Amino acid sequence: MPRTLHIDFVSDIVCPWCVVGLGGLEAALDKLKGEGIEAEVRFQPFELNPNMPPEGENIVDHIGRKYGSTPEQSAANRAMITQRAAEAWPGFDMRMGPDSRIWNTFDAHRLLHWAGTVGAAEQRALKAALFTAHFTDGRTMTDAGVLADAAAAAGLDRAKAVEVLADDLYAAEVRAAEALWVSRGINGVPAVVVEGKWLISGGQPAGVFEEALRGMAGEG
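Residues numbered from 1 in each chain as written. Predicted model: local features only at pLDDT ≥ 70, side-chain atom pairs only at ≥ 80, totals over all residues. Heavy atoms only, no water.

What to know about the packing of aromatic side chains
- Inspection of the entire model under this criterion finds four aromatic pairs.
- Here phenylalanine 9 and phenylalanine 43 contribute two aromatic rings whose centre-to-centre distance is 5.7 Å and whose plane-to-plane angle is 70 degrees, an arrangement assigned as edge-to-face. Placement of phenylalanine 9 in strand β1 (residues 3-11) and of phenylalanine 43 in strand β2 (residues 37-45) is noted, with a sequence separation of 34 residues between them.
- Residue classification places phenylalanine 43 among the buried residues on the basis of a relative accessible area of 7%.
- Ring-pair connections join several aromatic residues into one group, and the members of that group are Trp89, Phe92, Phe131 and Phe135.
- In this arrangement the basic side chain of arginine 101 is found over the ring face of tryptophan 103, its NZ or CZ atom lying 5.8 Å from the centre.
- The residue whose ring lies beneath arginine 175 is phenylalanine 106, and the NZ or CZ to ring-centre distance is 3.7 Å. (Phe/Tyr/Trp six-rings, centres within 6.5 Å; stacked < 30°, edge-to-face > 60°. Helix = DSSP H or I, 4+ residues; strand = E, 2+ residues; numbered from the N terminus. Buried < 20%, exposed > 50% of the residue type's maximum accessible area, 1.4 Å probe, protein only. Lys NZ or Arg CZ within 6 Å of the ring centre and 35° of its normal.)

Below, the structure is given as structure tokens:
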């Protein structure tokens with residue numbers, strides 16, 4: 001009997017491990033389709049830096065301030081994550097460098113919430129477009145035009161995206177969702193919540209997701 005798993009992918013668009021995790025999850029799901037295991041994936045909001053000002057912060061300064069890392073350690077970490085992303089998500093071009101910036105992502109999450117009201121495929125396409133805008137193109141992720149361009153790249157209505165961003169739509173819904181996941185114990189991302197009761201934490205490789213999801217589907 002085919003089984004459809006309901007998966008909440010809790011993440012932030014400036015989180016490189018979320019790129020790794022999504023690539024691993026989707027690769028695992030592709031393999032599990034042959035076993036009759038499907039999934040409905042919804043993207044849920046989490047802000048790594050909710051107090052970040054609109055101008056953002058240089059990544060080296062940010063990592064140094066937040067984790068005490070030296071510039072050399074930061075560079076080594078970026079190189080490692082870039083490699084992991086290439087392995088987990090073939091074709092994704094991660095170009096983090098010493099001049100990259102970290103951004104406030106609340107508006108991006110509002111746009112993702114809107115995309116989710118359109119459809120799961122549209123929300124996933126926007127997630128990928130936002131990852132590309134940030135990690136590949138180094139765009140300003142607090143710029144409404146940049147976010148609207150990402151929506152258009154995902155096949156969504158750019159004019160509607162502009163309207164969502166200008167009118168502060170879905171702000172309450174995003175705040176409520178963020179609070180909900182924190183109340184459920186999510187304090188780091190990516191967090192993959194399956195059927196509302198199982199948690200797979202971190203940017204895991206496809207094999208880890210595959211084994212875990214197969215077991216969860218069997219317990220159904």
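Topic: the pairing of strand β6 (residues 198-201)
- Alternating positions in β6 separate cleanly, Trp198 and Ile200 being buried on one face and Leu199 and Ser201 remaining unburied on the opposite face.
- Here four bridges tie strand β5 (residues 191-194) to β6, and the two strands are oriented antiparallel to one another. Following the sheet pairing, valine 193 is matched in β6 by leucine 199.
- Between β5 and β6, which pair antiparallel one after the other, the connecting turn spans three residues, and glutamate 195 there sits at a positive phi close to 55 degrees. (Pairing = 2+ DSSP bridges.)

Quick word on helix α1 (residues 16-32)
- Here α1 is 17 residues long and its end C-alpha atoms lie 25 Å apart, about the 24 Å a rise of 1.5 Å per residue gives.
- For α1, a buried count of twelve out of 17 residues is recorded, marking the element as mostly surrounded by other parts of the structure.
- What α1 keeps buried is the set Pro16, Cys18, Val19, Val20, Gly21, Leu22, Gly23, Gly24, Leu25, Ala28, Leu29 and Leu32. (Expected span 1.5 Å × (residues − 1).)

Details of the sheet that holds β5
- Taken together, four strands build an open sheet; the order of strands is β2-β1-β5-β6 and the sheet is mixed. In this open sheet, the two edge strands, each paired with only one partner strand, are β2 and β6. Averaged over all neighbouring strand pairs, the angle between strand axes comes to 25 degrees, with direction disregarded.
- Bridging between β1 and β2 involves nine bridges; their strand directions are parallel. Along β2, the bridge assignment pairs aspartate 8 with arginine 42. (Axes fitted to C-alpha atoms, helices over the stretch in contact; angles between N-to-C directions.)

Quick word on the side chain of asparagine 104
- Checked against the element boundaries, asparagine 104 lands in the loop between β4 (101-102) and α4 (106-118).
- Among the polar contacts made by the side chain of asparagine 104, one reaches the main-chain carbonyl oxygen of methionine 52 at a distance of 3.2 Å.
- Filtering out sequence-adjacent residues up to four positions away, asparagine 104 remains in contact with Glu47, Asn49, Pro50, Met52, Pro53, Met141 and Thr142. (Polar contact = N/O pair within 3.5 Å; in protein donor to acceptor, adjacent residues only side chain to side chain. Contact = heavy atoms within 4.5 Å.)

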